[in-house]
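Listed below, chain by chain, are the residues.
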Amino acid sequence: MSAIHEFSESNGVGAVVTDSITNINFGSTDDHDLVPADYTIIAGENSFHKCIRCKFSSTFTEISNMKFWKSLGDFLTGEAIKFICEVAYSQPATTPLTSAVDIPVSEPGSANITPSTISAPGYTDYIKLQEQTTGSTPAGNVNTKTFTFKYDEF
Amino acid sequence: MKFNLIWKAIFNDGTELNQFNDKEQNIENLFRKVLERQDQLKEFCLFNIITGKKYRVDLSLGIISIGNKEIEKDQLKDKPNLRLIYFRRIEKEFQLDNKEIDLRLGGRIKSISYFLGYQYTENNINHKSLIQIYSDDQMVVY
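Everything numeric here is computed off the predicted structure, so don't read it as measured data. (Residues numbered from 1 in each chain as written. Chains lettered and ligands numbered in written order. Predicted model: local features only at pLDDT ≥ 70, side-chain atom pairs only at ≥ 80, totals over all residues.)

What's the story with the sheet that holds strand β7 (residues 83–96) of chain B in this structure? I'm lost.
Within a sheet, each strand pairs with its neighbour through backbone hydrogen bonds, oriented either parallel or antiparallel. As summarised here, the arrangement of the seven strands in space is β7(A)-β4(A)-β10(A)-β7(B)-β8(B)-β9(B)-β10(B), forming an open sheet in which the pairing is antiparallel. One side of each edge strand has no neighbouring strand; the edge strands of this open sheet are β7 (117–118) of chain A together with β10 (139–141) of chain B. Pairing geometry for strand β4 (residues 63–72) of chain A and β7(A), over two bridges, is antiparallel. Residue pairing across strands places Ile63(A) opposite Ile118(A), the latter belonging to β7(A). (Pairing = 2+ DSSP bridges. Helix = DSSP H or I, 4+ residues; strand = E, 2+ residues; numbered from the N terminus.)

Mind showing me how you'd approach the nonpolar core here?
The tendency in soluble globular proteins is for nonpolar side chains to be buried as a group. Within the largest apolar cluster, 25 residues are counted, with the highest numbers of intra-cluster contacts made by Phe56(A), Ile63(A), Phe68(A) and Ile127(A). Only β1 (3–11), β3 (50–58), β4, β5 (80–86), β9 (126–132) and β10 (145–153) of chain A together with β7 of chain B provide two or more residues apiece to this core. The biggest single contributor to this core is β3(A), with four residues. Counting 20 residues, the second-largest nonpolar core is a separate cluster that includes Trp7(B), Phe31(B), Leu59(B) and Tyr118(B). (Core = buried A, V, L, I, M, F, W, Y, C linked by C-beta atoms within 7 Å. Buried ≥ 20, exposed ≤ 12 C-beta atoms within 10 Å, placed from the backbone.)

What am I meant to see in the interface of chain B and chain A here?
In many reports, interface size means the accessible area that the parts give up when they come together. Contact with chain B, which involves 26 residues of that partner, is made by 27 residues of chain A. Sorting elements by how many residues they give to the side of chain B that touches chain A places β7(B) first, with eleven residues. Here the residues of the side of chain B that touches chain A are counted per class, giving ten nonpolar, six polar and ten charged. One ladder, built from nine bridges, connects β10(A) with β7(B); its direction is antiparallel. Within the sheet, the bridge partner assigned to Glu153(A) lies in β7(B) and is Arg88(B). (Contact = placed C-beta atoms within 7 Å. Nonpolar A, V, L, I, M, F, W, Y, C, P; charged D, E, K, R; others polar.)

Encoded structure:
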């Protein structure tokens, strides 16, 4: 018994929520569980934003100190993944993710997922991600990335 | 998910509270119940159910020990009010492509470690004594 953690994605104008998603692949459409080959991103363009949240269920007292970063997988030339965590949902688009920064590539020194604590089953704020490319990004598959999510629980 | 290290709280009146009421770890007492009685807490122990190793923090004396060996002991003059530190740190990994590690994207658990210790405030300065214990009994002393 402990908190059960999974990812949830929101899509569309009205934030249609899909819990228990199976991947957060980037692509050229606003949908969850994408097959990359079906929604390729043209070099020089951006993916649709990913609006995901961590969902905690089952029984726990408190979740805190949540950190999210890219731990493995090199970027190709001109490739970047942008990241921001914020309260408000916005319909995913291909425009550059507002106020986002490069996703950390090592463990952040402090929590970068809000809220700072979760003390009842529910969701984190929105973790917004976007794959960005330039005209110099080579054609073909990008490298597989490994992400790490770390949190404290009691 | 079953835990390798489970806790037991011992209070000043001799009563005890175990994290689980059964070996299968189905019936759990939330840590919140310990926090609600923190001012009455005497000892807090972690047991590694795989290796049998016991970790203990004695809040009345300011001692952290493994088995019978004391590894941390503050020279506390006035016995300030010691506050328990306990939490688990969970690290999960997942891949960003169509080869997800789990069917449901929760990720693969890379590690679980357990933090145990105490803190107190003296002359407006917070002091901590803390150890981090991994499931295989590897340990870091802070």
